[in-house]
Amino acid sequence: MRKTWSGALLAVLAIGARANTRPSFMLVVHGGAGSIARGDLTPPEDSAYRATLTEAIHRGYDVLRQGGASLDAVQAVITVLEDSPLFNAGKGAVLTNVGTVELDASIMDGGRLRAGAVAGVQHIKNPILLARLVMDRSPHVLLAGAGAEAFAKEQGMALVPQSYFYTERRRRELKRVQEAEHGERAHGTVGAVALDQAGRLAAGTSTGGIANKRWGRIGDSPIVGAGTYANDRCAVSGTGVGEYFIRNVTAHDICARMAYTGVSLEQAARDVVMTELARQGGDGGVIALDSDGRFTMPFNTEGMFRGYAGPDGQIVVKIYKDE
C-alpha cells in the first residue's frame, strides 16, 4: 500500500528542515565605510586594521560559542573597537570644531525591543557600555551630554579626561578639514549584529561622528531605527553619512521591508543602501543579520571594514570593495 503524507506533516518536516539549516549562532561586524580604496592604506595599516577587527570578532565569537547572549557579544565586539585608536569611536574618535571629542552609541535587544543609547558624551571611555546601562537600569532609551554622564557616575562608571581620546592622527585630520573649511566624515564608525544560540538578535553601533562637527551635532548611530535596529527577525547596524540614515530611518526600513513585502534580508538591505541612499547621495553601508543566520554587508562606497564568524570558528575580515 502506498504511503501518503498529510499536508500538516509535510509542513512540520519543512519547518524542521529549515531549523536544521540555521547556524547555531552568527556574528557580523563593521568598522566603518568610506573612501577606502586599495593603496589608501599602507601594508602595516592594512594589517593593523585586520588584526584589530579579528580580535574584536574573536571576542564576540567566544561569547556566542559559550552560549552567551547576543547583547553581550555585540557589547564585547564594540568595546574592543572603541579601545582602538584606529576607529572613529572611543579612543580613536574624530575631533569637533573646537577640538573636543563627542561620542554617540546605541544597543538594541531584538527579542524584547529594548534599547539604550547615549549622545554627545565627552568623558565615557566605552559609550556602548553606558548605552547598555541606559537600557538595563533606566526607564529611558536615549540620554545625552551632561545628563548621560551624571547617570554614568550614579551607576559607578568612571569618567576619563578628554586627553584620553586625543590622537595625533585626529589632530592632523582636524587641521586639514578646517583648512578646507568643510566638515568631513571619517570612516571608522563601528558596529555589530549577533544571533545567539537561543535565537536572539541584537545590534549595536558606536561613533565619534564627523570631523569638525559643530553645535552639538548628533548623527544616526544613537538613533534607534536610523543607525541601529533589531527585532526578533532582523538586526542592523549602519555606517555612513548620518543625516541620510536619520532621514530614511535606514536600519528600521530594512527590517520593515522584510516584514511588509516578504523580500529577503539581502534584497531589502541592497535596495535601501545601493538604491535609496545612493540616489540621494547618502554614502555608507550596513551589516544586517536575520533570525535564520543569513547576513549581508552592502555598501555604496569604495570600501568598508567588515567581517564575520559563525559556529565553524572561521573569522573572515574584508576591507575593499573587490574582496
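Above this text sits the structure in question.
These numbers were taken from a predicted model, which means no experiment stands behind them. (Residues numbered from 1 in each chain as written. Predicted model: local features only at pLDDT ≥ 70, side-chain atom pairs only at ≥ 80, totals over all residues. Heavy atoms only, no water.)

1. Side note on the sheet that holds strand β9 (residues 284-290)
By definition, the strands of a sheet pair up through backbone hydrogen bonds, in either a parallel or an antiparallel sense. Pairing is antiparallel in the open sheet, where four strands are placed in the order β7-β8-β9-β10. A strand with exactly one partner marks an edge of an open sheet, and here the two such strands are β7 (228-230) and β10 (295-296). Inspection of the sheet shows β7 paired to strand β8 (residues 234-240) by three bridges, in the antiparallel sense. Note that in β8 the partner of T228 across the bridge is S237. The strands touched by helix α8 (residues 250-261) are β7, β8 and β9; relative to β8, the strand with the most contacts, the crossing angle is about 145°. Most of the contacts of helix α9 (residues 265-280) go to β9, to which it runs at about 165°, and overall it touches β8, β9 and β10. (Pairing = 2+ DSSP bridges. Helix = DSSP H or I, 4+ residues; strand = E, 2+ residues; numbered from the N terminus. Contact = heavy atoms within 4.5 Å. Axes fitted to C-alpha atoms, helices over the stretch in contact; angles between N-to-C directions.)

2. Comments concerning the environment of T228
Along the chain, the position of T228 falls in strand β7. Separated by 64 residues in the primary sequence, T228 and D292 have C-alpha atoms spaced 19 Å apart. Residues contacting T228, with those up to four places away along its chain left out, are S106, M108, A203, G204, T205, S221, I223, V236 and A251.

3. Considerations on the packing of aromatic side chains
Under the counting rule described, the total for this entry stands at six aromatic pairs. Taken together, a centroid distance of 5.9 Å and an interplanar angle of 85° make the contact between F87 and F305 edge-to-face. A residue pair is termed long-range when its members are at least 10 positions apart, and F87 in the loop between α3 (70-82) and β2 (103-109) and F305 in strand β11 (residues 303-309) qualify at 218 residues. Assigned by exposure class, F87 and F305 land together as buried. Their ring planes at 80° and their centres at 5.0 Å tell us that Y164 and F165 sit as a pair that is edge-to-face. Y164 gets classed as partly exposed once you look at its relative accessible area, which sits at 21%. Following the ring pairs from residue to residue traces out a cluster consisting of Y49, F87 and F305. Just above the ring of Y164 sits the side chain of K91; from NZ or CZ to the centre is 4.7 Å. Directly above the aromatic system of Y244 lies the positively charged group of R247, at a separation of 5.1 Å from the ring centroid. (Phe/Tyr/Trp six-rings, centres within 6.5 Å; stacked < 30°, edge-to-face > 60°. Buried < 20%, exposed > 50% of the residue type's maximum accessible area, 1.4 Å probe, protein only. Lys NZ or Arg CZ within 6 Å of the ring centre and 35° of its normal.)

4. Examining the pattern of salt bridges
One pass over the structure, following the stated rule, counts 17 salt bridges. Measuring nitrogen to oxygen at the nearest pair gives 2.9 Å for the salt bridge that ties D136 to R132. In this pair, D136 and R132 are both assigned in helix α4 (residues 127-137), four residues apart and thus about one turn of the helix distant. Salt bridges linked by common partners bring D72, D109, R112, R114, R132 and D136 together as one network. (Salt bridge = Lys/Arg side-chain N within 4 Å of Asp/Glu carboxyl O.)

5. Brief notes about the packing of α8 against α9
Two elements in contact, α8 and α9, have axes whose closest approach is 8 Å; the angle formed by their N-to-C orientations is 135°. Taken together, α8 and α9 sit at an angle that is classed as oblique. α9 is crossed by α8, and the crossing has right-handed handedness. Taking contact as the criterion, the partners of T250, D253, I254, R257 and M258 in α8 are, on α9, L265, A268, A269, D271, V272, E276 and L277. A breakdown of the residues in the contact of α8 with α9 according to their chemical character gives seven nonpolar, one polar and four charged. (Parallel < 35°, antiparallel > 145°, perpendicular 65-115°, else oblique. Left-handed = near helix turned anticlockwise from the far one by under 90°. Nonpolar A, V, L, I, M, F, W, Y, C, P; charged D, E, K, R; others polar.)

6. Notes on the environment of A309
Considering the arrangement of structural elements, one finds A309 in strand β11. In this structure the C-alpha to C-alpha distance between A309 and P23, which are 286 residues apart in sequence, comes to 11 Å. Leaving out residues up to four positions away in the same chain, A309 has contacts with M26, L27, I57, Y61, Q314 and I315.

7. Side note on a nonpolar patch on the surface
A contiguous nonpolar patch, built from V141, L142 and V224 and spanning about 210 Å² of accessible area, is present on the exposed surface. Examined against the element boundaries, V141 turns out to sit in the loop between α4 and β4 (142-144). Of the residues examined, V141 reaches a relative accessible area of 42% and is grouped as partly exposed. (Patch = residues over 30% accessible without salt bridge, like charges linked within 9 Å, V, L, I, M, F, W, Y side chains within 5 Å. Areas by Shrake-Rupley, 256 points an atom, 1.4 Å probe, with all protein chains shown as cover.)

8. Let's talk about the sheet that holds β2
One open sheet holds the eight strands; their spatial order is β4-β3-β2-β6-β5-β1-β11-β12, and the pairing between them is mixed. Of all the strands in the sheet, just β4 and β12 (315-320) have a single pairing partner and so form its edges. Taken pair by pair, the neighbouring strands of this sheet meet at an average axis angle of 10°, ignoring direction. Two strands pair when backbone bridges link them, and β11 and β12 are joined in this way by five bridges, in the antiparallel orientation. Among the inter-strand pairings, G303 is bridged to a residue of β12, identified as Y320. In this fold helix α2 (residues 43-65) packs onto β1 (26-34), β5 (190-195), β11 and β12, with an angle of close to 145° to the strand it touches most, β12. Packed onto the sheet, α4 meets β2, β3 (114-121), β4 and β6 (201-207) and runs at close to 135° relative to β3.

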